[in-house]
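Listed below, chain by chain, are the residues.
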Amino acid sequence: MKAIRVHSFGGPEVLKLEEVPTPRPGPGQALVRIHAAGVNPYDTYMRTGTYAIRPPLPYTPGSDAGGMVEAVGEGVRGVKPGDRVYTATTVTGAYAEYALALESQLHPLPERISYAQGAGVWVPYGTAYHGLHHWAKASASETALIHGASGGVGTAAVQMARAMGLVVFGTAGTERGAKLVEREGAHRVFLHSDPGYREKILEATGGRGVDLVLEMLANLNLGHDLKLLAREGRVIVIGSRGDVSVTPRDLMMRRTSIHGFALWNINEAEAAEIHAGILAGLENGSLRPIVGRELPLAEAARAHKEVLEPGAFGKIVLVP
Ligand SMILES: NC(=O)c1ccc[n+]([C@@H]2O[C@H](COP(=O)([O-])OP(=O)(O)OC[C@H]3O[C@@H](n4cnc5c(N)ncnc54)[C@H](OP(=O)(O)O)[C@@H]3O)[C@@H](O)[C@H]2O)c1
């Protein structure tokens, strides 16, 4: 089978398309035929070798995929050949024609969701769910700012927050991204490329501030986010690419808080709840993964460059 392999950590050029033996499922495992693999920013951090997760070399990147079960090993009862699935918490292996997964890492993909969309389910929607429900404890009628709403996590969070009954504000860097965020359910969209956008967000709340911020680029925005919060407001740090300074008194004066998490740190009970919530949303149409670009597997290096560039529009997925 064809697979992307990384033999040494480094830039996108270390992603090589190779011919490797198709794996066979062992006890408790399933072999999944990958129809599409999602490209997440953390795949690029891992590839550099500087991230908290450093897979043993050589490895095949990719945690998120939409595919079909091809074969199962001994003792597997939960899935069978022919099942449509999305993968979760495998961390690596999805940038390939086939991947092995434990049955606990496979989840049903409803018919209405394409395989390409399935590649955009786990990390984006798992993160949005964990942020909105477990950390922000968001309630209907609260106002949420999805700061970085045009990409994978952002579009997922906009759809989810809207379905939960929140008032949804989103930001994007381009007009095209802003239109997408509006289309997916945001009540108001602001351009984070507009120098006056933070004042406009405050104005849109009548000066009260927002109840929560899901932050995709904390190293740029965290200090400012604290000034946009209403009393008892919460910032949930989802993405950050460096250091930032904040004014602690902004927290003290309005009893606000900052939380952060990494999705791969969740516990089993949280994971079970997240998957149940995601499945319900995929089935009832409130969650609709946005695939902005499909690239052939051989173009993994290009996908790794593009996922870090401005102008996000949903997900980039690789098609074997
Ligand atoms: N904590 C976790 O477990 C977890 C899980 C998933 C992702 N993440 C992290 O969360 C971030 C977003 O992930 P993703 O998959 O959505 O990435 P993505 O699809 O590449 O989207 C990135 C988003 O950040 C926006 N952005 C760019 N500049 C910004 C600014 N100055 N202020 C606010 N937003 C800005 C982009 O908007 P434009 O391109 O329109 O400018 C886009 O909406 C990444 O850093 C990722 O590593 C963390």
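None of the values given here were measured: they were computed from a predicted structure. (Residues numbered from 1 in each chain as written. Predicted model: local features only at pLDDT ≥ 70, side-chain atom pairs only at ≥ 80, totals over all residues. Heavy atoms only, no water.)

**What to know about the overall build of the chain**
Inference 1: Scanning the chain from terminus to terminus reveals 10 helices and 15 strands.
Inference 2: Scaling as 2.2 N^0.38, a compact globule of 320 residues should have a C-alpha radius of gyration of about 20 Å, and the chain matches this with 20 Å.
Inference 3: Reported as C-alpha extents along the three principal axes, the dimensions of the chain are approximately 60 × 40 × 35 Å.
Inference 4: Counting the 320 residues in the chain, one finds 53% classified as buried. (Helix = DSSP H or I, 4+ residues; strand = E, 2+ residues; numbered from the N terminus. Rg over C-alpha atoms; globule rule 2.2 N^0.38 Å. Buried < 20%, exposed > 50% of the residue type's maximum accessible area, 1.4 Å probe, protein only.)

**Some words on the site of the ligand**
Inference 1: Looking at the ligand, there are 28 residues lining it, with Tyr45, Ser150, His192, Phe261 and Leu263 nearest.
Inference 2: Contact between the ligand and His192: an oxygen atom at 2.8 Å from a side-chain N or O atom of the residue.
Inference 3: In this structure, Ala312 approaches the ligand through a main-chain N or O atom, which is 2.8 Å from an oxygen atom.
Inference 4: Elements that contribute at least two residues to the shell around the ligand include exactly helix H1 (41-48), helix H3 (122-135), helix H4 (152-163) and helix H7 (218-228). (Near = heavy atom within 4 Å. Polar contact = N/O pair within 3.5 Å; in protein donor to acceptor, adjacent residues only side chain to side chain.)

**Section: helix H9 (residues 268-284)**
At 3.6 residues per turn, the α-helix brings residues three or four places apart onto the same side.
Inference 1: In this model, H9 (17 residues) spans 24 Å end to end at C-alpha, consistent with the 24 Å of a helix rising 1.5 Å per residue.
Inference 2: Those residues of H9 not exposed but buried are Ala271, Ile274, His275, Ile278, Gly281 and Leu282. Looking down the long axis of H9, one finds its buried residues gathered within 135° of arc, a one-sided arrangement. Of the exposed residues in H9, the ones pointing more than 90 degrees away from its buried face are Ala269, Ala276 and Asn284. (Expected span 1.5 Å × (residues − 1). Arc of directions from axis to C-beta.)

**Details of the sheet that holds strand E11 (residues 210-215)**
Inference 1: With parallel pairing, 6 strands are arranged side by side in an open sheet as E10-E9-E8-E11-E12-E13. Edge positions in the open sheet fall to strand E10 (188-191) and strand E13 (257-260), since each of these has one partner strand only. Here the strands of the sheet are splayed against their neighbours by 20° on average, with no regard to which way each runs.
Inference 2: Running over the sheet, H7 touches strand E8 (143-147), E11, strand E12 (229-237) and E13 and is turned about 165° from E12. (Pairing = 2+ DSSP bridges. Axes fitted to C-alpha atoms, helices over the stretch in contact; angles between N-to-C directions. Contact = heavy atoms within 4.5 Å.)

**Some thoughts on the packing of helix H6 (residues 197-204) against H7**
Inference 1: Contact geometry of H6 with H7 gives a least axis separation of 11 Å together with a crossing angle of 30°. The angle between H6 and H7 falls in the class roughly parallel. Seen along the crossing, H6 lies across H7 with a hand that is right-handed. On the side of H6, the interface is formed by Tyr197, Arg198, Ile201 and Leu202, while H7 contributes Leu220, Asn221, His224, Lys227 and Leu228.
Inference 2: For the contact of H6 with H7, the class distribution of residues is 5 nonpolar, 2 polar and 2 charged. (Parallel < 35°, antiparallel > 145°, perpendicular 65-115°, else oblique. Left-handed = near helix turned anticlockwise from the far one by under 90°. Nonpolar A, V, L, I, M, F, W, Y, C, P; charged D, E, K, R; others polar.)

**Observations concerning the pattern of salt bridges**
Inference 1: Across all of its chains, the model carries 13 salt bridges by this definition.
Inference 2: Lys80 is paired through a salt bridge with Asp83; the nearest N and O atoms lie 2.9 Å apart.
Inference 3: Its relative accessible area of 52% is what places Lys80 among the exposed residues.
Inference 4: Taken together, the shared-partner salt bridges connect Arg293, Glu299, Arg302 and Glu306 into one network. (Salt bridge = Lys/Arg side-chain N within 4 Å of Asp/Glu carboxyl O.)

**Considerations on the packing of aromatic side chains**
Inference 1: Evaluation of the coordinates by the stated rule reveals 5 aromatic pairs.
Inference 2: Here Phe9 and Tyr59 contribute two aromatic rings whose centre-to-centre distance is 6.4 Å and whose plane-to-plane angle is 40°, an arrangement assigned as tilted. Of the two residues, Phe9 is situated in the loop between strand E1 (2-6) and strand E2 (15-19) and Tyr59 in the loop between H1 and strand E4 (65-72); the sequence distance between them amounts to 50 residues.
Inference 3: Residue Tyr59 is classed as buried on the basis of its relative accessible area, which comes to 5%.
Inference 4: Geometrically, the ring pair formed by Tyr51 and Trp264 is edge-to-face, given 6.3 Å between the ring centres and 85° between the ring planes. Pair noted here: Tyr51 is in the loop between H1 and E4 and Trp264 is in the loop between E13 and H9, with a separation of 213 residues, a long-range link. (Phe/Tyr/Trp six-rings, centres within 6.5 Å; stacked < 30°, edge-to-face > 60°.)

**What to know about the pairing of strand E14 (residues 291-296)**
Inference 1: Bridging between E14 and strand E15 (residues 315-319) involves 5 bridges; their strand directions are parallel. Across the sheet, Glu294 pairs through a bridge with Val317, a residue of E15.
Inference 2: As for the winding sense of the linkage, the β-α-β connection from E14 through helix H10 (residues 300-306) to E15 is right-handed. (Right-handed = clockwise from strand over helix to strand, strands pointing away.)

**Thoughts on unusual backbone geometry**
Inference 1: Along the chain, Leu57 connects to Pro58 via a cis peptide bond; the corresponding omega equals -10°.
Inference 2: Looking at where Pro58 falls in the secondary structure, it is placed in the loop between H1 and E4.
Inference 3: Positive phi, normally seen in glycine, also occurs at Ser141, with a value near 85°.
Inference 4: Along the chain, Ser141 turns up in the loop between H3 and E8.

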